[in-house]
Amino acid sequence: TSSRRIWLVYLVAFLLLSGTVFWIWYPNRDVLRQKYARKRVENIQQLAWYYADKDDFTKAHGLFDESLDFSRDILGFLDPLTLTCLNNLGWVEKFLGNYDLAQQYYEQALKGREKALGKNHRDTLTTKINLASLLLFRGDLARSESLYKDILKRRRSTLDTGHPDIYTSMIHLGGVYRYSGKLEMAA
């Protein structure tokens, strides 16, 4: 009879412990799922950047695409990590020579980042720089100039005078002026 009591005590203790773990874990399962998804997406992105650094853009593209699909499914379209995936996929498409796709990804990322993070957020402006750079490369000087002017205006309104990002924006805008033949404005 004492062995039955011990077995019963173990059973009750196990059930109490299981119930407690379930009670704590179950309400947080969405949080745990999102944490896992974020970590997985970040790991895939790191691996993609590894291949991009090795000039294996095809393999990097597959990984960037996988991370975007996973992030979009679990975290949603307006999650900052999903928007980073879009931006990175635009970057690799540009290197692969798929300029139309790169532009589409940059525009989607820009629209999402403006909505989720705001028009003055550093990540939003980074995507805008990427898009402006692609447009400049493709010869759309007017739109590129417009984007670079907006970036400079936003940086001047949010950053201290003399901030390196302001000077970088001025250099970008000067490059557009140089390519468009407006040398007096570039100086």
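Here's what I pulled together on the structure shown here.

Calculation notes
- Residues numbered from 1 in each chain as written.
- Predicted model: local features only at pLDDT ≥ 70, side-chain atom pairs only at ≥ 80, totals over all residues.
- Heavy atoms only, no water.
- Helix = DSSP H or I, 4+ residues; strand = E, 2+ residues; numbered from the N terminus.
- Expected span 1.5 Å × (residues − 1).
- Buried < 20%, exposed > 50% of the residue type's maximum accessible area, 1.4 Å probe, protein only.
- Core = buried A, V, L, I, M, F, W, Y, C linked by side-chain atoms within 4.5 Å.
- Contact = heavy atoms within 4.5 Å.
- Phe/Tyr/Trp six-rings, centres within 6.5 Å; stacked < 30°, edge-to-face > 60°.
- Salt bridge = Lys/Arg side-chain N within 4 Å of Asp/Glu carboxyl O.

Overview of helix α6 (residues 122–137)
Working note: α-helix, 3.6 residues per turn, so residues spaced by three or four point in the same direction. With 16 residues, α6 should cover 22 Å at 1.5 Å per step; its first-to-last C-alpha distance of 22 Å lies within 8% of that length. Buried within α6 are the following residues: Thr124, Leu125, Thr127, Lys128, Ile129, Asn130, Leu131, Ala132, Leu134, Leu135 and Leu136. Of the residues flanking the end of α6, it is Gly139, one or two places downstream, whose phi is positive at about 95°.

Considering the nonpolar core
Residues Phe64, Leu68, Leu86, Leu89 and Val92 are the most contacted members of the largest nonpolar core, which totals 20 residues. Those elements giving two or more residues to this core turn out to be α2 (29–53), α3 (57–75), α4 (80–96) and α5 (99–116). Looking at which element gives the most residues to this core, the answer is α3, with 7 residues. Among all residues touching Val92, those that are not within four sequence positions of it are Phe57, Ala60, His61 and Phe64.

With respect to the packing of aromatic side chains
Applying the stated criterion to the full structure yields 8 aromatic pairs. Measuring from centroid to centroid gives 5.1 Å for Trp49 and Phe64, while their planes differ by 80°, and the two rings are edge-to-face. Note that Trp49 is positioned in helix α2 and Phe64 in helix α3, a separation of 15 residues in sequence. Residue class for Phe64 comes out buried when judged on its relative accessible area of 0%. Seen from their ring centres, Tyr99 and Phe137 are 5.1 Å apart, and the 55° between their planes marks the pair as tilted. One end of the pair, Tyr99, is in helix α5; the other, Phe137, is in helix α6, and 38 residues separate them in sequence. Under the relative-accessibility criterion, Phe137 is labelled exposed at 54%. A connected cluster of aromatic rings, assembled from ring pairs, spans Trp49, Phe57, Phe64, Trp91 and Phe95.

Some thoughts on unusual backbone geometry
Leaving glycine out, the prevailing phi sign among residues is negative, and the prevailing peptide bond configuration is trans. We note that Asp55 has phi near 65°; this positive angle belongs to a residue other than glycine. Mapping Asp55 onto the fold places it in the loop between α2 and α3.

Section: the pattern of salt bridges
Per the counting criterion, the structure on display carries 10 salt bridges. Asp79 is the salt-bridge partner of Arg38, the closest N and O atoms lying 2.5 Å from each other. Separated by 41 residues along the polypeptide, Arg38 in helix α2 and Asp79 in the loop between α3 and α4 bring together distant segments of the chain. The partner of Arg122 in a salt bridge is Asp165, with the nearest N and O atoms 2.5 Å apart. Here Arg122 is found in helix α6, whereas its partner Asp165 is found in helix α8 (residues 164–179), with 43 residues between them in sequence. When its relative accessible area of 13% is taken as the criterion, Asp165 is described as buried.

So, the environment of Phe57
Assignment of secondary structure puts Phe57 in helix α3. Judged by relative accessible area, which is 15%, Phe57 ranks as buried. Sequence separation of Phe57 and His163 is 106 residues, and the distance between their C-alpha atoms is 33 Å. Setting aside anything within four residues of it in sequence, one finds Phe57 in contact with Ala52, Trp91, Val92, Phe95 and Leu96.

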